[in-house]
Amino acid sequence: MKIVTRDFGEVEINENTIISIPNGILGFEDTKRYTLLCPLGEDTFPMWLQSVDGTEPCFVVYDPMQIYPDYRFEITDEEQALLKIDEDTPYRCLTVAIVPDDYRKTTINLRCPIVVNTRDNLAAQVILEDYDFKCPVYSEADASAKEV
C-alpha cells in the first residue's frame, strides 16, 4: 500500500504494519490508523508515527525507556481491555517528541505515552499523573559534546 507522508513523500508500507488507535491521539481523535516509519533502521529511534490516511498528523516518537531506563507505569483495567493486553502480550511504548530547530533541545512527553500491543497492532494513548509533558531527550553533556 502506498501512502503520502509529511516528511518522506510517497512511501510503500505493508498493510500488516497499520496500527489502529481506536480513541485517536489527544487533539487528533478522528485519525485512527497509523504506521511507524523507521528511516534510521528498524527499531532505531527516532521514528515517525504517520497517519496512513493523510500527510497529517505525523509525530516524531521515541521509546522512552531507551532514554529514561527507570520509566515505568501501570495501565488501568479499562486500558488493558481496550488494548487486548495482558502480562504476556508483547508491547512497545512510544512518546511524542517536540523537535525544535535546535534538535538538541528535543523533549518527549512522558505524561501521555502511546502503548502499542505489537501482536495485534492496537494502540492507545494513556494519561499518567506522575510524569512531565516535556522531558529532555539529550542531556546537557550530550549537547555540549555535539557543539565542539
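What counts as what
- Residues numbered from 1 in each chain as written.
- Predicted model: local features only at pLDDT ≥ 70, side-chain atom pairs only at ≥ 80, totals over all residues.
- Heavy atoms only, no water.
- Helix = DSSP H or I, 4+ residues; strand = E, 2+ residues; numbered from the N terminus.
- Rg over C-alpha atoms; globule rule 2.2 N^0.38 Å.
- Areas by Shrake-Rupley, 256 points an atom, 1.4 Å probe, with all protein chains shown as cover.
- Lys, Arg positive; Asp, Glu negative; His and termini not counted.
- Charge placed at Lys NZ, Arg CZ, Asp CG, Glu CD.
- Buried < 20%, exposed > 50% of the residue type's maximum accessible area, 1.4 Å probe, protein only.
- Contact = heavy atoms within 4.5 Å.
- Core = buried A, V, L, I, M, F, W, Y, C linked by side-chain atoms within 4.5 Å.
- Pairing = 2+ DSSP bridges.
- pLDDT = per-residue confidence, 0-100.

Enquirer: Could you give an account of the overall build of the protein, naming the residues involved and the relevant values?
Expert: The number of helices and strands found in the protein is three helices and 11 strands. By the compact-globule yardstick of 15 Å for 148 residues, the protein fits well, its C-alpha radius of gyration being 16 Å. When the accessible surface of the protein is split by element, carbon and sulfur atoms take 48% of a total near 8700 Å². Between the averaged position of the 13 positive side-chain charges in the protein and that of its 28 negative side-chain charges there is a distance of 4 Å.

Enquirer: Residue-level account of the environment of Thr17, with values.
Expert: Note on placement: Thr17 falls in the loop between β2 (9-12) and β3 (19-20). Look at Thr17 and you get partly exposed, because its relative accessible area is 34%. For the pair Thr17 and Thr118, spaced 101 residues apart in sequence, the C-alpha to C-alpha distance is 9.4 Å. Sequence-distant contacts of Thr17, defined by excluding residues within four places in its chain, comprise Tyr34, Thr35 and Asn121.

Enquirer: Lay out the environment of Tyr103 in plain terms, naming residues and giving numbers.
Expert: Position of Tyr103 relative to the elements: it lies in the loop between β7 (91-98) and β8 (107-108). Given the relative accessible area of 40%, Tyr103 is considered partly exposed. Measuring from C-alpha to C-alpha, the distance between Tyr103 and Cys58 comes to 17 Å, with 45 residues separating the pair along the chain.

Enquirer: Hey, could you go over the nonpolar core for me, with residue numbers and the actual values?
Expert: By size, the foremost hydrophobic cluster in this structure holds 39 residues, and its most contacted members are Leu49, Val61 and Ile114. At the level of elements, β4 (33-37), β5 (47-51), β6 (58-62), β7, β9 (114-117) and β10 (122-125) are the ones that each hand at least two residues to this core. Among the elements that line this core, the one with the most residues is β6, at five residues. Val61 has contacts with Leu36, Phe45, Pro46, Met47, Trp48, Leu49, Leu94, Thr95 and Val96, leaving out every residue within four places of it along the chain.

Enquirer: Can you explain the pairing of strand β1 (residues 2-5)? Please cite residues and give values.
Expert: Side chains Ile3 and Thr5 project from β1 onto a buried face, and the interleaved Lys2 and Val4 project onto a face without burial. Examined bridge by bridge, β1 and β2 share four bridges and lie antiparallel to one another. The residue bridging Thr5 from the neighbouring strand is Gly9, located in β2.

Enquirer: Before we move on, could you go through the pairing of β4 and cite the residues and values that matter?
Expert: With four of five residues buried, β4 is to be regarded as a mostly interior element. Of the strand pairs in this sheet, β3 and β4 are connected by two bridges, and their pairing is antiparallel. Counterpart to Ser20 in the pairing with β4 is Arg33. Sheet topology note: the β4/β5 ladder contains four bridges and is antiparallel. The residue of β5 that forms the bridge with Leu36 is Leu49.

Enquirer: Account for the confidence of the model for the protein, with residues named and values stated.
Expert: Per-residue pLDDT for the protein averages 92, and the proportion of residues at 70 or more is 94%. Note on residues 143-148: pLDDT under 50 across the span, and five contacts to partners over four residues away in sequence or across chains.

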